[in-house]
Amino acid sequence: AAGTPIVTLSGLGKSYGGVQAVKEVDLTIAGGEVLGLIGPNGAGKTTLVNMISGLIAPSSGTAEVLGTRPGRMPVHRVAAAGVSRTFQHSKLFPRLSALENVMVGGHLVTRPTFLRRLVWLPSARRDESRAWRHASACLARVGLGEKAGVTASALSYGDQRRLEIARALASDPSLLILDEPAAGMNRVEADQLSDLIGSLSRDGLTILLIEHNVGMVMRTCHRIVVLNFGQVIAAGTPEEIRTNPAVVEAYLGSS
Ligand code: ATP
């Protein structure tokens with residue numbers, strides 16, 4: 001429900017040998033919120049998000065996400081609880097069509113045996129057509145409905161990034177984590193992405209947005225958290241962040 005915390009991080013930390021990538025992070029994300037996570041390179045954003053999505057286990061503290069404790073369970077179980085994400089570097093299958101990319105993505109999350117089903121087991125047909133319709137709907141949701149049959153590598157850069165979002169939507173997540181989705185986009189594409197995120201949010205999705213495009217983060221997010229050297233140095237509305245002296249010094253001043 002809107003407002004109820006769906007992510008609660010308490011004293012969360014991660015160290016690699018002598019490097020404390022994330023230190024003592026306390027943070028909640030409310031249902032329906034679009035939360036931006038910004039900070040300089042190496043600030044710990046990816047490490048934090050990897051703990052939320054269950055890719056890595058924390059060294060200290062706890063993460064509770066949609067009633068699960070990621071880090072203590074396999075990634076597919078975290079995904080089944082309703083967490084979905086995109087990655088900083090594209091993980092599309094370049095030679096598959098846009099539609100196939102979404103179908104494979106959806107199946108990888110909910111049904112790891114997808115590849116076995118390519119041999120057309122007798123019972124697979126009905127499931128396959130349902131998956132096809134669902135994948136088509138996900139493509140339409142991000143504005144790629146007309147490009148279902150286009151090979152991923154032939155899509156424009158902005159369309160490829162939106163295809164990754166369509167694939168992340170295939171598992172019907174409650175929490176969508178976007179890792180630098182606007183990287184490499186031009187202004188028009190970034191604005192379209194911002195509009196898409198707003199509309200997904202109005203549909204009830206909770207969104208965690210990691211982004212270096214500060215203008216885009218400010219336009220898109222309800223609230224922004226700033227990491228620096230693994231620690232939260234500020235959290236607030238876009239306006240509060242824009243004018244926060246510590247943030248300006250650590251990050252905004254130089255970007
Ligand atoms: P960027 O904006 O460049 O993606 P980031 O804010 O996502 O940076 P992280 O990638 O989380 O930052 O890195 C935080 C710190 O942890 C860095 O000092 C990095 O070198 C270190 N680090 C991250 N992953 C590992 C790892 N697997 N082994 C050792 N050190 C790591």
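No experiment lies behind these values; they were computed from the predicted model shown.

As for the nonpolar core
Item 1. By size, the foremost hydrophobic cluster in this structure holds 45 residues, and its most contacted members are Leu-163, Ile-165 and Leu-176.
Item 2. With near-sequence residues (within four places) excluded, Leu-163 lies in contact with Leu-92, Ala-98, Asn-101, Val-102, Leu-139, Leu-144, Ala-152 and Leu-155.
Item 3. In this structure, Leu-12, Ile-29, Val-49 and Leu-208 belong to the second largest nonpolar core, which totals 27 residues.

Things to note about the environment of Asp-203
Item 1. One can find Asp-203 in the loop between helix H7 (187-202) and strand S7 (206-210).
Item 2. Accessibility expressed as a relative area gives 57% for Asp-203, which makes it exposed.
Item 3. Expressed as a C-alpha distance, the spacing of Asp-203 and Gly-145, which sit 58 residues apart in the sequence, is 18 Å.

Notes on empty space enclosed by the protein
Item 1. Applying the stated rule across the entire model yields one cavity of 30 Å³ or more.
Item 2. Of the volumes computed, that of the largest cavity is approximately 30 Å³.
Item 3. Residue lining of the largest cavity: Thr-86, Arg-161, Glu-164, Ile-165 and Pro-181, and that is the complete set.
Item 4. Here the lining of the largest cavity is composed, by residue class, of two nonpolar, one polar and two charged.

Comments concerning the confidence of the model for the protein
Item 1. Residues with a pLDDT of 70 or more make up 90% of the protein, whose mean pLDDT is 89.
Item 2. For the protein, per-element mean pLDDT is lowest for helix H4 (residues 114-117), which scores 50, and highest for S7, which scores 98.
Item 3. This model gives residues 108-113 a pLDDT under 50, and the stretch forms six contacts once residues within four places in sequence are excluded.
Item 4. Two summary scores accompany this predicted model of the complex, namely pTM at 0.89 and ipTM at 0.95.

What to know about the sheet that holds strand S5 (residues 83-85)
Item 1. What the six strands build is an open sheet, ordered S5-S6-S7-S3-S8-S9; its pairing is mixed. Looking at which strands have only one partner, the edges of the open sheet turn out to be S5 and strand S9 (231-236). Recorded for the sheet is a direction-independent mean angle of 20° between the axes of neighbouring strands.
Item 2. Contacts from helix H6 (residues 157-169) reach S5 and strand S6 (175-179) within the one sheet, and its direction differs from that of S6 by about 155°.

What to know about the sheet that holds strand S4 (residues 60-65)
Item 1. Ordered in space as S2-S1-S4, the three strands form an open sheet in which the pairing is antiparallel. Strands at the two margins of the open sheet, each flanked by one partner only, are strand S2 (19-30) and S4. The sheet shows a mean angle of 15° between the axes of neighbouring strands, direction not considered.
Item 2. With eight bridges joining them, strand S1 (residues 5-16) and S2 adopt antiparallel strand pairing. Along S2, the bridge assignment pairs Tyr-16 with Val-19.

Overview of H6
Item 1. The end-to-end C-alpha separation of H6 is 19 Å, in line with the 18 Å expected for 13 residues at 1.5 Å each.
Item 2. Most of H6 sits inside the fold, with 12 of its 13 residues counted as buried.
Item 3. All buried positions along H6 are accounted for by Gly-158, Asp-159, Gln-160, Arg-161, Arg-162, Leu-163, Glu-164, Ile-165, Ala-166, Arg-167, Ala-168 and Leu-169.

Looking at the pattern of salt bridges
Item 1. What the rule picks out here adds up to 10 salt bridges.
Item 2. Put simply, Asp-203 and Arg-141 hold a salt bridge, and the shortest N to O gap is 2.6 Å. Of the two residues, Asp-203 is situated in the loop between H7 and S7 and Arg-141 in helix H5 (residues 124-141); the sequence distance between them amounts to 62 residues.
Item 3. A residue is classified by how much of its surface remains accessible, and Arg-141, at 28% relative accessible area, is partly exposed.
Item 4. Linking Arg-162 and Asp-159 is a salt bridge whose minimum nitrogen-to-oxygen distance equals 2.7 Å. Here Arg-162 pairs with Asp-159, and both are found in helix H6, just three residues apart, close to one helical turn. Assigned by exposure class, Arg-162 and Asp-159 land together as buried.

Parameters at a glance
- Residues numbered from 1 in each chain as written.
- Predicted model: local features only at pLDDT ≥ 70, side-chain atom pairs only at ≥ 80, totals over all residues.
- Heavy atoms only, no water.
- Core = buried A, V, L, I, M, F, W, Y, C linked by side-chain atoms within 4.5 Å.
- Buried < 20%, exposed > 50% of the residue type's maximum accessible area, 1.4 Å probe, protein only.
- Contact = heavy atoms within 4.5 Å.
- Helix = DSSP H or I, 4+ residues; strand = E, 2+ residues; numbered from the N terminus.
- 1 Å grid on protein atoms, 1.4 Å probe; cavity = no way out; pocket = protein on both sides within 12 Å on 5 of 7 lines; lining within 4 Å.
- Points joined across faces, edges and corners; volume = space filled by probe spheres on them.
- Nonpolar A, V, L, I, M, F, W, Y, C, P; charged D, E, K, R; others polar.
- pLDDT = per-residue confidence, 0-100.
- Pairing = 2+ DSSP bridges.
- Axes fitted to C-alpha atoms, helices over the stretch in contact; angles between N-to-C directions.
- Expected span 1.5 Å × (residues − 1).
- Salt bridge = Lys/Arg side-chain N within 4 Å of Asp/Glu carboxyl O.

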